[in-house]
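Chain residues, written in single-letter form:
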Amino acid sequence: MDLQGSVIRPPGEADSILLQVTLGCTHNACTFCGAYLGKPFRVKPWERIQADLDWAARHCRRIRRVFLCDGDALCLSQNKLLHLLGMIREKLPWVVRVATYAAARNVARKSDEELRELREAGLSLCYLGLESGDDAVLAAVHKGVDAATQIAQAGRLMAAGMKLNVTVLLGLAGMDGSMSHARRTGEALTALQPDQTAALSLMLIPGTPLYDAAQEGRFQLPDAHGLLAELRELLAHTHLERGLFLANHASNHLPMTLRLPRDKDATLALLDQALAGKVALKEERFRRL
């Protein structure tokens, strides 16, 4: 497989065929993101993608999922996406799930009919990086889209029959905006009603504008206690009818997996114990991106 540069994929795609169809990100301006530093956006040649599919057809017969990399596969034209999904179905007929990242700006370029076509062609799961439900935070980190737009476009994906996994970032508002970020993110998740939510903790990456701001004292990341308090506030304001809520990423101080609404009260109680110092947290040296 031809995987160029650092390849970012969700934790849930660890056992998937990683099919790189684009390089980088068309936006690539978020101040916290170092995923595509020094990796200009481009679409990979179809000959290279087809060669990777042929390789996967020979060597990946036991792998039943495909993830389309890098960050912007959904920016491809409808014809290219349908052709790609058709080739996956033809060459990898045992695959039961195809997933991709889905930026709201790319979803907005597709009509409702086009989204349904993609679902029928095999695209069944999209990962949306909401990051925050607080528009002030989204503007500060140059996300390029507000919360309402993300909620609306995610709703269109779900209406087309796709599963939706949403990522939010603890600590993204810094110390001063922490609680507002938490509350408004919980409210956004309530409006979204995703199939799965993943709460990650911000880790500052050298080379990013937010890292530089922290080095210069213009941004202060909450400590472990502050991030836990933010997670508790976020969860308290998240009201889901059903779905998984994951805070088990390597970046988090207190890994947890819960099903909402069933496990909410017990998890809030656990967070209260952790905030009171009665639950051991992950040592800083074991945290990872």
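Structural data are supplied above this passage.
What you see is a predicted model; the values in this text were computed from it and never measured. Every chain is numbered on its own, with residues counted from 1 as its sequence reads. Since the coordinates come from a predicted model, pLDDT governs what is reported: local features require at least 70, and pairs of side-chain atoms require 80 or more to be given and counted, while whole-chain, interface and lining totals use all residues. No hydrogens and no water enter the side-chain calculation; it runs on all heavy atoms of the structure.

**So, the state of the cysteines**
Argument step 1. For this text, the term disulfide refers to a pair of cysteine sulfurs within 2.5 Å. Applying the stated rule across the entire model yields zero disulfides.
Argument step 2. Note on C33: no disulfide assigned, nearest cysteine sulfur contributed by C30 at a separation of 6.2 Å.
Argument step 3. The thiol of C60 is not disulfide-bonded; the next cysteine sulfur, from C69, is found 13 Å away.
Argument step 4. Using a relative accessible area of 8% as the deciding quantity, one classes C60 as buried. When a residue's accessible area, from a 1.4 Å probe over protein chains only, is under 20% of the maximum for its type it is buried; when over 50% it is exposed; and in between it is partly exposed.

**Focus: the packing of aromatic side chains**
Argument step 1. A pair of aromatic rings is counted whenever rings of Phe, Tyr or Trp (Trp by its six-membered ring) have centres within 6.5 Å, and the orientation is called stacked for planes under 30 degrees apart, edge-to-face for over 60 and tilted otherwise. Under the defined criterion, the tally for this structure stands at three aromatic pairs.
Argument step 2. Relative to Y127, the ring of F67 lies with its centre 5.9 Å away and its plane at 80 degrees, an arrangement referred to as edge-to-face. With F67 in strand β4 (residues 65-69) and Y127 in strand β6 (residues 123-131), this pair connects stretches of sequence that are 60 residues apart.
Argument step 3. Exposure remark for F67: the relative accessible area of 0% places this residue in the buried category. For helices the rule is a DSSP run of H or I covering at least 4 residues; for strands it is a run of E covering at least 2, with both sets numbered from the N terminus onward.

**Remarks on the packing of helix α1 (residues 46-59) against helix α2 (residues 78-91)**
Argument step 1. Every angle, taken between N-to-C directions, lies between 0 and 180 degrees, and every axis is a line fitted to C-alpha atoms, over only the stretch in contact when it is a helix. Where α1 meets α2, the closest approach of the two axes is 10 Å, and the angle between their N-to-C directions is 20 degrees. Taken together, the axis directions place α1 and α2 in an arrangement best described as roughly parallel. When the axes of α1 and α2 are compared, the crossing they make is right-handed. For the pair formed by α1 and α2, the contact residues are W46, I49, Q50, L53, D54 and A57 on the first element and H83, L84, M87, I88 and K91 on the second.
Argument step 2. Put simply, Ala, Val, Leu, Ile, Met, Phe, Trp, Tyr, Cys and Pro go in the nonpolar bin, Asp, Glu, Lys and Arg in the charged bin, and everything else, Gly too, in the polar bin. Classifying every residue of the contact of α1 with α2 by side-chain character gives seven nonpolar, two polar and two charged. Between 65 and 115 degrees an angle is taken as roughly perpendicular, under 35 as roughly parallel, over 145 as roughly antiparallel, and anywhere else as oblique. A crossing counts as left-handed when the near helix is turned anticlockwise from the far one by less than a right angle, and as right-handed when that turn is clockwise. When checking whether two residues touch, look at their non-hydrogen atoms; a contact exists if any pair is within 4.5 Å.

**Quick word on the packing of helix α6 (residues 147-159) against helix α7 (residues 178-192)**
Between two packed helices, both the angle of their axes relative to each other and the distance between the axes serve to describe the pair.
Argument step 1. Two numbers describe how α6 lies on α7: the axes approach to 10 Å, and their chain directions differ by 30 degrees. As far as their axial angle goes, α7 and α6 are roughly parallel. Read as a crossing pair, α6 and α7 show a hand that is right-handed. Facing Q150, I151, A154 and M158 of α6, the residues of α7 in contact are A188, A191 and L192.
Argument step 2. Across the contact of α6 with α7, the residue classes tally to six nonpolar, one polar and no charged.

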